[in-house]
Amino acid sequence: MRHDARITAVLGPTNTGKTHYAIERMLGYRTGVIGLPLRLLAREVYDKIVALRGPSVVGLVTGEERIVPDRVQYWVCTVEAMPQEIGADFVAIDEIQLCADPERGHVFTDRLLRARGLHETMFLGAETMRSAIAELVPKAQFMRRERFSELTYAGAKKISRMKPRSAIVGFSVDNVYAMAELIRRQKGGCAVVMGALSPRTRNAQVDLYQNGDVDYLVATDAIGMGLNLDVTHVAFSALSKFDGRRMRPLAPNELAQIAGRAGRYMTPGTFGVTGEAPELEEGVVNAIENARFTPLRKLQWRSAELQFSRVDRLIASLEAVPDDDWLVRAREADDLSALKTLAAEADIAARLSDARDVRLLWDVCRIPDFRGISGGEHAGLLTNIFGFLHDDGKVPEPWFARQVARIDRTDGDIDTLSKRLAYIRTWTYVAQRKGWVEQDSHWRGETRAVEDRLSDALHTALTQRFVDRRTSVLLRRLKQKESLVADVNEKGEVTVEGELIGRLEGFRFRQDKTATPEEAKAVRAASLSALAPEFHLRADRFYNAPDTEIDYTEQGGLMWGDQAVGKLVKGADPLKPAVQAFVDDEAGADVAQKVERRLQHFIDRKIAALFEPLLAMSRDEALTGLVRGFAFQMVEALGVLPRAAVAQDVKALDQDARGLLRKHGVRFGQFTIFLPLLLKPAPTRLRLVLSSLFKGRDVFPESPPPGLVTIPVIEGVSAEIYSESGYRSAGARAIRIDMLERLADMLRGVDTRGGFEATPDMLSITGMTLEQFADLMQGLGYAAERSERAKVKPAPAADAAPAGEPGEAAAEAETPVAEGEPAVAEGAAETDLPAAETPAEAEMPAEAEAPAAETPVEADATADDAAQADAETPEDATAEAETAAEPAEPEMEVVYTFRWAPRPRRTDNRGRKGGGEAQARSGKPGGKQGGKPRGKGAGGKGKPGGRGPRDTSPKTYQSRPDKKKDRIDPDNPFAAALMGLKDKS
C-alpha cells in the first residue's frame with residue numbers, strides 16, 4: 001500500500017446508497033476487490049458490474065462458486081474468500097459492523113486491520129463502527145451518508161391486514177415456513193428468501209416478488225445484508241434468534257439493519273411486528289427511526305499469524321489472546337473445533353510429519369459444515385478427505401463422483417431438496433480448491449450443474465407450496481386494470497390467463513376450493529368479470545338448442561346435457577309447472593331470462609306431447625256437467641284414478657257420458673279408471689315428477705323400470721305412489737293396472753265362492769310363480785288355501801267338456817271385485833254398466849248358484865263308480881292285488897285354492913263404516929281396496945251406501961240381464977239397427 005493511499009469509512013443507516021457508491025469508486029480504478037457478507041449479495045453485485053463492464057473482466061469468488069476470467073480486473077467476493085496480496089488499486093469491505101458478530105466477526109476484523117488497496121480502501125457499514133475504526137485505523141477518514149427516505153414505526157398488524165409489498169421476517173426455517181403458509185392462505189402467496197438458499201433459488205424467488213407475481217416476501221435476517229428489494233413495510237414475526245449457541249434478543253442496531261430494508265431510494269418505509277412478536281419498546285423505536293445506536297466497544301479477533309510447524313502450535317496460535325483493548329478473542333469456531341478433533345485421532349497424528357501436512361490439515365478443517373450435521377459426522381467426512389489428499393494427493397474421482405451422484409436427485413419435498421443443496425455445497429467447495437480433485441474444472445461444472453438443478457427444483461417446490469399462482473396472476477391483472485382473457489374448454493374447465501380457476505356448470509361458475517374467503521372473493525371477482533361474454537354466448541347457444549339436448553331428472557331437475565341448468569317448481573296446475581333457472585347473478589338478468597324462457601318452452605312441449613289425450617279432454621267443450629267434472633278429476637290425477645276413490649261419481653255416469661270419455665281413451669276398469677296410453681314409460685316418468693312436485697313431496701319416487709308386470713312393494717311407500725306409477729300394490733308385489741284388469745277378466749269365469757285354482761294363463765300374464773300369485777291374490781282380498789295332491793295327468797281331449805255348457809255362463813256371472821267398488825271389468829266397461837245397474841244375479845249366494853260348480857264333483861263321482869265296477873272283474877282284481885302288494889309312490893304337487901274372503905269392514909271413531917272405500921279414498925296403506933260386487937238395492941231402503949236387513953226370501957237368478965232393463969249402448973255401431981228391431985217388437 002502506498003503511503004498516500006486513502007482509507008475511507010462510509011457509515012450510515014440502510015438505504016443510503018453506500019454499496020452503490022463503493023461500486024462507482026471501484027470502477028474508477030483499473031483493478032479492485034470488494035468483499036461482501038453473503039454470497040447472495042456477492043452474486044447481485046457481480047451481476048451489476050458485469051452489466052456495466054462485461055463478463056470478461058469481472059471475477060466472482062465465493063466458497064462454492066468461482067468465476068475467474070483470464071483478464072480479470074474486478075473481484076467480487078465473500079469476505080472469507082477475498083484474495084490476499086493481489087495488489088488491487090481499490091479494496092472495499094461491506095457491512096463492516098459484522099466485526100462484532102460472534103461467529104464470523106474475526107474474519108471481518110482481520111480485513112479491517114489488514115486488507116488494503118494500493119490507492120484506496122473503503123469500509124462500509126453502520127455508524128456504530130466509528131469509534132472502533134477511529135481507534136484501530138488512525139488514518140481513516142469518515143463520510144456519513146443520510147437515509148434517502150423516512151422510516152417510521154407502524155405498530156403491530158395481523159397477517160390478514162398486511163399491506164402489499166411487505167416483508168415478514170423470521171429467524172428460523174420453521175418460523176419462515178409457518179408464516180409463508182399463512183400468507184399463502186390469506187393473501188394468495190409469497191416469495192421465500194433465506195441465507196441457506198443457493199443464489200439461483202434466491203434470485204428466482206426475488207424475481208417472483210419483484211415482478212409482482214406475489215406481493216409478500218417472507219425472509220430471514222439475510223435481507224438485512226444489503227439486498228435491494230422493493231419493500232415498503234418490514235414486519236418482525238419474532239424478536240429473538242438462535243446465534244449458534246443460545247437464543248438471544250436482537251439488539252436495536254440489528255433490528256434497524258433489517259427494518260431499514262423498507263423504503264427504497266426516495267420511497268418512505270415502515271416497520272412493525274406481527275404474529276406472536278410483542279410490541280417494540282419506545283426507546284427501541286426511537287433508536288431505529290433516528291439511527292442512533294450504542295457504539296460498538298469490542299470486536300471479535302483471531303490471530304492471522306498462524307504457526308504450522310506442529311499442530312499444537314497451530315492450535316495455540318489460533319487461541320492467542322489479543323493485546324488491544326478493542327479486540328476480544330473469538331469463541332471457538334467450527335474450523336478450530338474440527339482441527340482439535342482430527343488432531344486427537346492417532347491416524348491423523350501419524351500423518352502430520354511436517355508443516356506442509358499441518359497446513360493441509362488446517363485447509364481441510366476449514367471446509368464449512370454446510371450440512372449442519374453433528375460435529376462427529378462432519379469430522380468423519382474431513383478425516384476421509386484429509387486421508388485422500390495426504391496419501392494420494394487428490395480425492396479419488398470415483399469416490400467423489402459417487403458422493404455427487406447420490407445428491408443429484410430432484411424429487412422430494414422442500415426439506416429434502418434443501419438438505420441436498422447443503423450437501424452439494426460441500427462438494428462444490430472441495431471442487432473449488434485448486435488441485436484437490438482430478439479435472440477440477442470439470443467437477444466445478446458438474447457440481448454447479450447439480451446445484452442449479454436442485455435450486456430450480458427447490459424454487460418450484462417453494463412456489464407450489466407457498467404461492468397460489470392462479471390467485472396471484474388474477475390479482476396482478478386486476479391491479480394493473482388489464483382485461484382478462486377467459487377460456488372454457490369442452491370439459492367446462494375455466495381458465496383465466498392460462499390459470500385454472502374452476503368449472504362452468506351450465507350457467508353457474510363453480511370455483512375451485514380456496515383456503516380463505518378473502519382469496520375466494522378475489523378469484524371470483526376476477527373470473528366472473530372475464531366470464532361475462534362467455535355467459536352470453538352460452539345462453540344464445542342454449543336458447544337455440546333442440547329439445548333432444550334438454551331433459552328432466554326424476555327429482556325435477558332440468559339438464560342441458562350433463563349440466564344442471566334449472567329445476568321445476570310448483571305451478572297453479574299439475575300440468576302447468578313453472579321453472580327456476582340456475583344462473584349466477586353476475587351473468588345478468590338477460591341471460592337468466594333467456595335460460596328461463598327456453599326451459600319453460602321445453603317442459604311445456606314435453607307435457608303437450610306426453611299428455612296430449614288429457615289436454616285434449618280438458619279442452620273438449622262437448623264435456624259438460626258431471627262428465628266435465630269427472631274429466632277434471634282425470635286431468636288432476638294425470639290419467640290414473642283408483643276406482644274406489646270415485647265410485648259414486650262412476651255410478652252417476654250414464655252410458656252416454658261414458659261414451660264421451662271413452663272417445664278420449666278413458667278406460668273404466670274394475671280397479672282403476674285410466675288412459676292406457678299414459679301407462680307407457682315416458683308419461684309415467686313425467687307423471688311421477690309432476691304429481692310429486694304439485695303435492696310438495698320432499699323426495700320424488702323413481703319410475704319403475706319399463707316392461708315389468710310386477711314390482712316389489714317397498715315398505716313405507718304409499719298406495720298412492722304405486723297408483724301414480726301405474727301399479728296397484730297387493731301383498732309383497734304390485735301389479736301393473738292394465739294387467740290387473742286382464743286378470744280380473746279371467747276371474748269372471750271362475751267360482752270365487754266355491755273355490756278355484758290358478759290357471760296357466762293367470763300365472764303367465766302376471767309372470768309369477770304359484771306362491772307369488774297366491775300372495776298377490778291375498779292382497780286382492782282372496783283367501784288362499786295351500787294343499788298337496790297326487791299329480792294327475794291331463795285327460796284325453798275327447799273327455800274334455802264341450803264348450804258352451806251351462807257351467808261357463810254361471811262362472812262368468814261370478815265376478816270378484818273390490819268391496820265397495822263397481823263390478824266392471826274390461827268387457828263390462830265396453831257396455832258401461834255401472835255396478836248399481838248390474839243384474840241382481842251378480843249377488844247370487846253360493847248355495848243358489850248355477851250347478852256349474854257342482855259339475856266337476858258329479859263327474860268325479862261317476863268316475864269313481866265306474867272304477868269300482870271295473871275293479872270287480874277277475875282280471876282287474878288280480879292286477880289290483882298285485883298293485884296292492886307293490887304300491888307306487890304318486891308324484892305330489894302343491895295347489896292353492898282361492899276363495900273370495902274380504903276382510904270385514906271396520907267402523908271409524910264416529911260409528912261410520914270405514915276401512916274400505918273411505919280408506920281407499922284417503923290412499924292410506926291398509927285401506928281395503930277390494931270387495932265383492934253389491935247389486936242394486938244393496939244400500940238398503942234406497943240410501944246409497946246403507947246396509948238394511950238382509951232379505952232371506954227365495955229368489956231366482958239368471959246369468960244375463962233382464963231384457964226389459966237392457967239398455968242399448970248409443971256408441972255401438974249397430975245401435976240404430978237394434979233400436980229399429982226393438983221398435984218393431
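Rules used in this analysis
Residues numbered from 1 in each chain as written. Predicted model: local features only at pLDDT ≥ 70, side-chain atom pairs only at ≥ 80, totals over all residues. Heavy atoms only, no water. Pairing = 2+ DSSP bridges. Helix = DSSP H or I, 4+ residues; strand = E, 2+ residues; numbered from the N terminus. Contact = heavy atoms within 4.5 Å. Axes fitted to C-alpha atoms, helices over the stretch in contact; angles between N-to-C directions. Expected span 1.5 Å × (residues − 1). Buried < 20%, exposed > 50% of the residue type's maximum accessible area, 1.4 Å probe, protein only. pLDDT = per-residue confidence, 0-100. Core = buried A, V, L, I, M, F, W, Y, C linked by side-chain atoms within 4.5 Å. Salt bridge = Lys/Arg side-chain N within 4 Å of Asp/Glu carboxyl O. Polar contact = N/O pair within 3.5 Å; in protein donor to acceptor, adjacent residues only side chain to side chain. Phe/Tyr/Trp six-rings, centres within 6.5 Å; stacked < 30°, edge-to-face > 60°. Lys NZ or Arg CZ within 6 Å of the ring centre and 35° of its normal. Parallel < 35°, antiparallel > 145°, perpendicular 65-115°, else oblique. Left-handed = near helix turned anticlockwise from the far one by under 90°. Nonpolar A, V, L, I, M, F, W, Y, C, P; charged D, E, K, R; others polar.

Caption draft 1: Highlighting the sheet that holds strand E28 (residues 667–668). In space, the 3 strands of this open sheet follow the order E27-E29-E28, with antiparallel pairing throughout. Where the open sheet ends on each side, the last strands, each with one partner, are strand E27 (640–642) and E28. Summarising the sheet, E27 and strand E29 (residues 672–674) pair through 3 bridges and their orientation is antiparallel. Bridge assignment links valine 640 to a residue of E29, and that residue is phenylalanine 674. Each of E27, E28 and E29 touches helix H21 (residues 625–636); the most contacted strand, E27, lies at about 110 degrees to it. Packed on one face of the sheet, helix H26 (residues 737–747) meets E27, E28 and E29 and runs near 125 degrees to E29.

Caption draft 2: Just helix H2 (residues 39–53), in detail. For H2, with 15 residues, the first-to-last C-alpha span of 20 Å sits near the 21 Å given by 1.5 Å per residue. Turning to H2, its buried residues number three or more, namely Arg39, Leu40, Leu41, Ala42, Arg43, Glu44, Val45, Tyr46, Ile49 and Val50. Glycine 54 occupies a position one or two residues after H2 and carries a positive phi of about 95 degrees.

Caption draft 3: Spotlight on the sheet that holds strand E25 (residues 563–573). Here we have 4 strands laid out as an open sheet, ordered E23-E24-E25-E26, and antiparallel in their pairing. Each having just a single partner strand, strand E23 (550–552) and strand E26 (576–581) make up the two edges of the open sheet. Taken pair by pair, the neighbouring strands of this sheet meet at an average axis angle of 30 degrees, ignoring direction. Sheet topology note: the E25/E26 ladder contains 5 bridges and is antiparallel. Note on E26: the bridge partner recorded for lysine 567 is glutamine 580. In the packing of helix H24 (residues 681–694) onto the sheet, contacts are made with E23, E25 and E26, and the angle to E25 comes to roughly 65 degrees.

Caption draft 4: Structural view of unusual backbone geometry. Unusually for a residue other than glycine, asparagine 15 sits at a positive phi of about 60 degrees. Its place among the elements puts asparagine 15 in the loop between strand E1 (6–11) and helix H1 (18–27).

Caption draft 5: View of the confidence of the model for the chain. On average, residues of the chain score 80 in pLDDT, and 78% of them are at 70 or above. Looking over the chain, one finds the lowest element-wise mean pLDDT in helix H29 (residues 806–813), namely 34, and the highest in strand E6 (residues 90–93), namely 96. The low-confidence segment residues 798–881 (pLDDT under 50) makes 141 contacts with residues lying over four places distant or belonging to another chain. Contacts for the low-pLDDT stretch residues 907–965, under 50 throughout, to residues beyond four places or in other chains number 101 contacts.

Caption draft 6: Quick peek at the nonpolar core. Judged by nonpolar contacts, the single largest core of 64 residues is most densely connected at Leu339, Leu361, Val364, Ile385, Phe400 and Trp427. Discounting chain neighbours no more than four positions away, the residues touching tryptophan 427 are Leu381, Ile385, Trp399, Phe400, Gln403, Val404, Ile407 and Thr447. The next biggest cluster of nonpolar side chains, apart from the first, holds 58 residues, and it includes Leu531, Leu558, Ile607 and Val666.

Caption draft 7: Spatial organisation of the pattern of salt bridges. On inspection of all chains with the given rule, the structure shows 44 salt bridges. One salt bridge in this structure joins aspartate 540 and lysine 594, with 2.5 Å as the shortest N-O distance. Here the residue aspartate 540 occupies a position in helix H18 (residues 517–543), and lysine 594 occupies one in helix H19 (residues 589–610), the gap between them amounting to 54 residues. Exposure remark for aspartate 540: the relative accessible area of 35% places this residue in the partly exposed category. We classify lysine 594 as partly exposed; its relative accessible area is 23%. Ionic contacts of the salt-bridge type, sharing partners, join the residues Arg43, Asp47, Glu65, Arg200, Arg448, Asp452 and Asp456 into one network.

Caption draft 8: Region of interest: the side chain of asparagine 15. Here asparagine 15 falls in the buried class, since its relative accessible area comes to 15%. Among the polar contacts listed, one links the side chain of asparagine 15 to the side chain of serine 149, at a separation of 3.0 Å.

Caption draft 9: Structural view of the packing of aromatic side chains. Going through the model one piece at a time under the given rule, you end up with 17 aromatic pairs. A centroid spacing of 6.0 Å and a plane angle of 90 degrees characterise the contact between phenylalanine 756 and tyrosine 782, whose relative ring orientation is edge-to-face. One end of the pair, phenylalanine 756, is in the loop between H26 and helix H27 (760–766); the other, tyrosine 782, is in strand E33 (residues 782–790), with 26 residues separating them in the sequence. Looking at phenylalanine 756, the relative accessible area reads 6%, which means it is buried. Each residue in the set Phe756, Phe773, Tyr782, Tyr896, Phe898 and Trp900 is aromatic and connected to the rest through ring pairs, giving one cluster. It is arginine 433 that lies over the ring of tryptophan 436; its NZ or CZ is 5.0 Å from the centre.

Caption draft 10: Region of the structure containing the packing of helix H14 (residues 397–407) against helix H15 (residues 414–432). Packing of H14 against H15 brings their axes to within 9 Å, and their N-to-C directions diverge by 155 degrees. In this view, H14 runs roughly antiparallel relative to H15, as classed from their interaxial angle. Two packed elements cross with a definite hand, and for H14 against H15 that hand is left-handed. Of the residues in H15, those in contact with Trp399, Phe400, Gln403, Val404 and Ile407 of H14 are Arg420, Tyr423, Ile424, Trp427, Val430 and Ala431. Among the residues making up the contact of H14 with H15, the classes are represented as 9 nonpolar, 1 polar and 1 charged.

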